[in-house]
Amino acid sequence: MEQLKLLWELQETEEEKAKKEHDLPSIPSVLQYGRNLKKVGSLEKKVLGEENRIGEIKKAQRLQEMDVAKITAQLKELNRKLYNGKIGNIKELENMEKKVGSLAKEKELLEDEIIVHMEMIENLENELGRMQKQLKKEKEIVDKLRAEALMDRQAALSELGELAARCENLSQKIEVGLLNKYKELRKRAGGGRCISLVRNGFCGICNVSLPSS
């Protein structure tokens, strides 16, 4: 009878161990840490995307400013030639005036685009600042959750270690033949319970009345 009690205790310990192994990936703090970590990753991608967008607009703005500088230099040279009195050909003066007008219009359009880009950059940098503050806050939350998740997981692993040691200790106390028979029955049961306590003539697991025979 003592051997059967040990066998029952082994089965219940193995059941508890199997349940804890199954629940290991579902520890609430670990799941919450995973969710918040994904949130941080998503925010980091958004921040990076915003930074790249701002960088592209700034690059375009710098190129426009360089174009404006070139046009300004061209206009300065053309105006110098127009008003130094050295060009006497009317046709040549008219063509030069047209070119000055065209360049002045191009410069004005570029300056308008630069202003638009400056406004865009200001708005995007304000939004980026907001996102960076949010990211910093989320990272602080994740750091706290990580510590909690690690502690809870370590506690669960420690419990599993204790249960495994208990199973090993019980197995050593049970007769080899009986232990092998139990393992065979448990395998047939798909790793589930294969033995049950009988209370007042009823199976302790399925609650079915057992015949006296």
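This section reports on the structure supplied with the text. Since the model is a prediction, treat every value here as computed from it, not as a measurement. (Residues numbered from 1 in each chain as written. Predicted model: local features only at pLDDT ≥ 70, side-chain atom pairs only at ≥ 80, totals over all residues. Heavy atoms only, no water.)

## Here we look at the overall build of the protein
Right, on to step 1. When helices and strands are tallied, the protein shows four helices and two strands.
Right, on to step 2. Put simply, the protein runs from its N terminus to its C terminus through helices and strands in the order α-α-α-α-β-β.
Right, on to step 3. Taking all 213 residues of the protein together, 25% fall into the buried category.
Right, on to step 4. At a minimum sequence separation of 6, the contacts of the protein that also span at least 24 residues come to 79%.
Right, on to step 5. Total accessible area on the protein stands at roughly 15200 Å², and carbon and sulfur atoms take up 54% of it.
Right, on to step 6. Averaging the positions of the 40 positive and the 37 negative side-chain charges in the protein gives two centres separated by 2 Å. (Helix = DSSP H or I, 4+ residues; strand = E, 2+ residues; numbered from the N terminus. Buried < 20%, exposed > 50% of the residue type's maximum accessible area, 1.4 Å probe, protein only. Contact = heavy atoms within 4.5 Å. Areas by Shrake-Rupley, 256 points an atom, 1.4 Å probe, with all protein chains shown as cover. Lys, Arg positive; Asp, Glu negative; His and termini not counted. Charge placed at Lys NZ, Arg CZ, Asp CG, Glu CD.)

## Topic: the packing of helix α1 (residues 2–23) against helix α4 (residues 176–188)
Right, on to step 1. It is the contact of α1 with α4, at a shortest axis distance of 11 Å, that shows an interaxial angle of 40°. As judged from the angle between their axes, α1 and α4 are oblique. Our pair here, α1 against α4, has a crossing hand that is right-handed. Listed contacts from α4 to Gln3, Leu4, Leu7, Leu10, Gln11, Glu14 and Glu15 of α1 are Leu178, Leu179, Tyr182 and Arg186.
Right, on to step 2. Classifying every residue of the contact of α1 with α4 gives six nonpolar, two polar and three charged. (Axes fitted to C-alpha atoms, helices over the stretch in contact; angles between N-to-C directions. Parallel < 35°, antiparallel > 145°, perpendicular 65-115°, else oblique. Left-handed = near helix turned anticlockwise from the far one by under 90°. Nonpolar A, V, L, I, M, F, W, Y, C, P; charged D, E, K, R; others polar.)

## As for a negative patch on the surface
Right, on to step 1. Where like charges cluster on the molecular surface, the negative patch consists of Glu108, Glu111, Asp112 and Glu113.
Right, on to step 2. As for its placement among the helices and strands, Asp112 is situated in helix α3 (residues 90–173).
Right, on to step 3. Of the residues examined, Asp112 reaches a relative accessible area of 40% and is grouped as partly exposed. (Patch = residues over 30% accessible without salt bridge, like charges linked within 9 Å, V, L, I, M, F, W, Y side chains within 5 Å. Salt bridge = Lys/Arg side-chain N within 4 Å of Asp/Glu carboxyl O.)

## Things to note about α1
Right, on to step 1. Taking 1.5 Å as the rise per residue, α1 with 22 residues should run 32 Å; its terminal C-alpha atoms sit 32 Å apart, in good agreement.
Right, on to step 2. Those residues of α1 hidden inside the fold are in contact with α3 and α4. (Expected span 1.5 Å × (residues − 1).)

## Focus: the nonpolar core
For soluble globular proteins, nonpolar side chains are generally found buried alongside one another.
Right, on to step 1. Tyr33, Val47, Ile54 and Leu135 are the most contacted members of the largest nonpolar core, which has 14 residues in total.
Right, on to step 2. At eight residues, the largest contribution of residues to this core is made by α3.
Right, on to step 3. Non-local contacts of Tyr33, meaning those with residues more than four positions away in its chain, are made with Val142, Leu145, Arg146 and Ala149.
Right, on to step 4. The next biggest cluster of nonpolar side chains, apart from the first, holds 12 residues, and it includes Ile71, Leu82, Val100 and Leu110. (Core = buried A, V, L, I, M, F, W, Y, C linked by side-chain atoms within 4.5 Å.)

## What to know about the pattern of salt bridges
Right, on to step 1. On inspection of all chains with the given rule, the structure shows 15 salt bridges.
Right, on to step 2. For Asp23, the salt bridge is made with Lys19, and the minimal N-O distance between the two is 2.8 Å. With Asp23 and Lys19 both in helix α1, this residue pair falls four residues apart, about one helical turn.
Right, on to step 3. Here the residues in one salt-bridge network are Glu12, Glu14, Glu15, Arg186 and Arg193, joined through shared partners.

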